[in-house]
Each structure stands twice: as C-alpha cells, then as structure tokens.
Amino acid sequence: MDLLKSLAVAASGLKGQAGRMRVIAENLANADSSPERAGVDPYRRKIVSFQGKLDRELDAQVVDLGKVNRDRSDFKTKYDPGHPAADANGQVKMPNVNSLIETMDMREAQRSYEANLNVISSTRRMIQRTIDILRA
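Rules behind the numbers
Residues numbered from 1 in each chain as written. Predicted model: local features only at pLDDT ≥ 70, side-chain atom pairs only at ≥ 80, totals over all residues. Heavy atoms only, no water. Salt bridge = Lys/Arg side-chain N within 4 Å of Asp/Glu carboxyl O. Helix = DSSP H or I, 4+ residues; strand = E, 2+ residues; numbered from the N terminus. Pairing = 2+ DSSP bridges. Contact = heavy atoms within 4.5 Å. Axes fitted to C-alpha atoms, helices over the stretch in contact; angles between N-to-C directions. Parallel < 35°, antiparallel > 145°, perpendicular 65-115°, else oblique. Left-handed = near helix turned anticlockwise from the far one by under 90°. Buried < 20%, exposed > 50% of the residue type's maximum accessible area, 1.4 Å probe, protein only. Lys, Arg positive; Asp, Glu negative; His and termini not counted. Polar contact = N/O pair within 3.5 Å; in protein donor to acceptor, adjacent residues only side chain to side chain. pLDDT = per-residue confidence, 0-100.

Caption draft 1: The pattern of salt bridges, seen in detail. Per the counting criterion, the structure on display carries seven salt bridges. E108 serves as the salt-bridge partner of R20, at 3.1 Å between the closest nitrogen and oxygen. On the criterion of sequence distance, the pair formed by R20 in helix α1 (residues 2-29) and E108 in helix α2 (residues 99-135) is long-range, its members being 88 residues apart. With its nearest N and O atoms 3.8 Å apart, the salt bridge here joins D64 to K53. Of this pair, D64 sits in strand β2 (residues 60-70) while K53 is found in strand β1 (residues 46-55), placing the two residues 11 residues apart along the sequence.

In structure tokens, the structure reads:
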C-alpha cells in the first residue's frame, strides 16, 4: 500500500508542476505585450501557489495547485511616444514580467516535474520486481 501512496503523491506533484509550467508559459508569452490604448493596464504577472491536502482514500498528504494570484508589483515603463497607449509623457506601461525570472522558475518546475516522474518510474520498477519475485 505504501507504493500506491508514493505513486499518488508523485502524481499530484506532476499535476501541480504541470499547472505551474502552464502559468509560467503564459507569463513568458505576455512578457512583451503592451496595452492597446492609454489608461489600460498591461498584462499582470501570475504567481502559482500550492496547497497540501489529505487524500483520505490513501491516507496520504498530496499537493494540489492552489490559487493563482496576480503579482502586485509595479509595471515597467518604456518611452515610446508614438505608441497608442503612451501617456502625456510618452511612457507606456509594460507587463511586470521579468523573462529571466520566469525562465528560472520554468527550469525549477521542470526539474521538480522530472523528479516526480523518476519517483513514479522507480515505484513502477519496484512493483514489477515484487510481482516477478512472487511469481517465481
């Protein structure tokens, strides 16, 4: 039964990290977007949170993708007086997304995803070897 718990915990980790990578990809896709007109805010970076929950059926603590919040940090500005969203000073608000940070977050999420995948692969091998031993 402990092997089933490890599979469930690792699978919940895979699901959580996959959700995190989707949000990071959305942030990266919108990193250079700008508003269409003045007075409109640009894309605001999203931040993923995780929450632990008890899987009563397996009696195991698993992770779940929590609420996706908006980053409340200030927007970047860019001088572009010809842009339709420029203010009176020629400044255009740009998303508060830092591509370098998003890339590092994506790499971290990818590594966590791979670690959970390795747990599932190892558990599968252990289950298969146990079955092979019992058959012999």
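There is more to say, and it comes next.
Caption draft 2: How the structure looks around the pairing of β2. For β1 and β2, the ladder comprises nine bridges, and the chain directions are antiparallel. Paired with I47 across the strands is N69, a residue of β2.

Caption draft 3: Broad picture of the environment of L54. Take L54: it is sitting in strand β1. Placed 38 residues apart in sequence, L54 and G16 show a C-alpha to C-alpha distance of 15 Å. Here L54 is in contact with D59, A60 and Q61, once residues within four sequence places are set aside.

Caption draft 4: Structural context of the packing of α1 against α2. With their axes 9 Å apart at the nearest point, α1 and α2 run at an angle of 160° to one another. Looking at the two axes, α1 sits roughly antiparallel to α2. For the pair α1 and α2, the crossing hand works out as left-handed.

Caption draft 5: Main features of the side chain of R44. Note that R44 resides in the loop between α1 and β1. Despite its burial, R44 remains without a salt bridge, the nearest opposite charge being carried by D41 at 4.5 Å. Side-chain polar atoms of R44 contact the backbone oxygen of D71, separated by 2.9 Å. Those residues in contact with R44 that sit more than four places away from it in its chain are R70, D71, R72, S73, F75 and N96.

Caption draft 6: How the structure looks around the confidence of the model for the protein. Across the protein, pLDDT averages 94, with 99% of residues at or above 70. Averaged pLDDT values over the elements of the protein bottom out at 92 in β2 and peak at 96 in α2.

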